[in-house]
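# Topology and contacts: notes
Each chain, written out:
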Amino acid sequence: MALTSDPPSTDSLTKDPSVSGTAAATAPAAATASAPADLVVVPVRHPWRWVAVAATAVLLVQFGHGLVTNPGWEWDVFAAFLTTETILQAVWVTLQLTFYGTALGFAIGIVLAFMRLSASPFLRSVAFAYIWAFRSIPLIVQLLFWFNLAYLYKELSIGIPFGPTFLSFDTMGLVGEMSAAVLGLALHQAAYAAEIVRGGVLAVDEGQLEAAASLGIPKLRQARRIVLPQAMRSILPNAANEIISLFKGTSIVSVMAIGELFYQVQVVYGRNGRVVPLLMVATAWYVLLTTVLSVVQHYVERHYAKGSAR
């Protein structure tokens, strides 16, 4: 029999089933009683966001007001020259340079891309050297080089290598201003197109090709029905950027006195001194045609995106 007795501890109270049950029953009731009946939700305030919106809107309104009221823009001169025959012919020349440069550039680029993917070290080295060289040399230097090709080679011939020739052509008559421009743009574009195509092909899972090969599908059909549709999803955005860049980059052929858009604009404002409105004429055509190319890009991408999650 104990002579002294300790007071019951809190642990023993909490371990008592009757006590713990009572506390568990009364806790939710107390929490419910202390919580407000209706919670007021206060949205997060973004004062600086509205300040930025207001400042940007003011700047845009001021810019638009300047476009309308500033007489230096000379919108009447802009409207008079926008659709003149000279400008329309220059736009047509620009579109021709873009089309031929893109078609030949991507045709050569596809060959270079598969050379880089080849198992042959020699073909890989040649393709790598081409891409390295043409991406390193500025486009204007390449254009001037092809424009002065007759300085190095008086004539071009077809025949047995290091042997007799069957046909020969005068270089000066064969490679003119337009031919030199298309050749320079296409060879320059091919270096970038090769890397774009190679990246798209590498994006396709190699296991799909192995599965197709195990089923006995020919390699050409593998490339056409398996690799190409999937690779195009990666190729198209970068390829469209290159085409648009080439379209705007055709202005550099003005150094060869080819009558493309920017060159003709320079000729016109060199005669009448209306520099700003004529530059706006060129800008308007570039923006319009770039928008058309962007719309075409959207629909082509949507076509190749069928069956994929977007």
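As shown above, the structure is provided for reference.
Okay, so let's go over this structure. Being a predicted model, the structure only gives us computed values, none of them experimental. (Residues numbered from 1 in each chain as written. Predicted model: local features only at pLDDT ≥ 70, side-chain atom pairs only at ≥ 80, totals over all residues. Heavy atoms only, no water.)

### Quick notes on the packing of helix α5 (residues 85-116) against helix α14 (residues 275-304)
Geometrically, a packed helix pair is captured by the angle between its two axes and the distance between the axes. Two numbers describe how α5 lies on α14: the axes approach to 12 Å, and their chain directions differ by 45°. One element, α5, and the other, α14, form an angle in the oblique class. The hand of the α5/α14 crossing is right-handed. Where α5 abuts α14, its residues I87, L88, V91 and L95 lie against V281, W285 and L289. Across the contact of α5 with α14, the residue classes tally to seven nonpolar, no polar and no charged. (Axes fitted to C-alpha atoms, helices over the stretch in contact; angles between N-to-C directions. Helix = DSSP H or I, 4+ residues; strand = E, 2+ residues; numbered from the N terminus. Parallel < 35°, antiparallel > 145°, perpendicular 65-115°, else oblique. Left-handed = near helix turned anticlockwise from the far one by under 90°. Contact = heavy atoms within 4.5 Å. Nonpolar A, V, L, I, M, F, W, Y, C, P; charged D, E, K, R; others polar.)

### Let's talk about the environment of A240
For A240, the position within the fold is in helix α12 (residues 219-249). Separated by 54 residues in sequence, A240 and S294 place their C-alpha atoms 7.7 Å apart.

### Some remarks on the packing of aromatic side chains
The geometry of an aromatic ring pair comes down to the distance between the two centres and the angle between the two planes. All told, the structure shown has six aromatic pairs when counted by the stated rule. Between Y130 and F134 the ring centres are 4.3 Å apart and the planes differ by 25°, which places this aromatic pair in the stacked class. Here Y130 and its partner F134 are both found in helix α6 (residues 121-136), four residues apart, which amounts to about one turn of the helix. For Y130, a relative accessible area of 18% gives the class buried. Classification of F134 by relative accessible area gives buried; the value is 16%. Consider the rings of F247 and Y286, whose centres lie 5.5 Å apart with planes at 75°: the pair is edge-to-face. A residue pair is termed long-range when its members are at least 10 positions apart, and F247 in helix α12 and Y286 in helix α14 qualify at 39 residues. (Phe/Tyr/Trp six-rings, centres within 6.5 Å; stacked < 30°, edge-to-face > 60°. Buried < 20%, exposed > 50% of the residue type's maximum accessible area, 1.4 Å probe, protein only.)

### What about the layout of surface pockets?
Taken as a whole, the largest pocket holds about 560 Å³ of empty space. Forming the boundary of the largest pocket are 19 residues, of which F114, V201, L209, A223 and V227 lie nearest the centre. Per-element accounting of the lining of the largest pocket gives the leading share, 10 residues, to α12. T102, A240, I243, L293 and V296 are the residues nearest the centre of the second largest pocket, which is lined by 21 residues in total. Those elements that place two or more of their residues in the lining of the second largest pocket are α5, α12 and α14. With eight residues, α12 is the single largest residue contributor to the lining of the second largest pocket. Of the residues that constitute the lining of the second largest pocket, the class distribution is 17 nonpolar, four polar and no charged. (1 Å grid on protein atoms, 1.4 Å probe; cavity = no way out; pocket = protein on both sides within 12 Å on 5 of 7 lines; lining within 4 Å. Points joined across faces, edges and corners; volume = space filled by probe spheres on them.)

### A look at the environment of F166
As for its placement among the helices and strands, F166 is situated in strand β2 (residues 165-170). Filtering out sequence-adjacent residues up to four positions away, F166 remains in contact with I158, G159 and I160.

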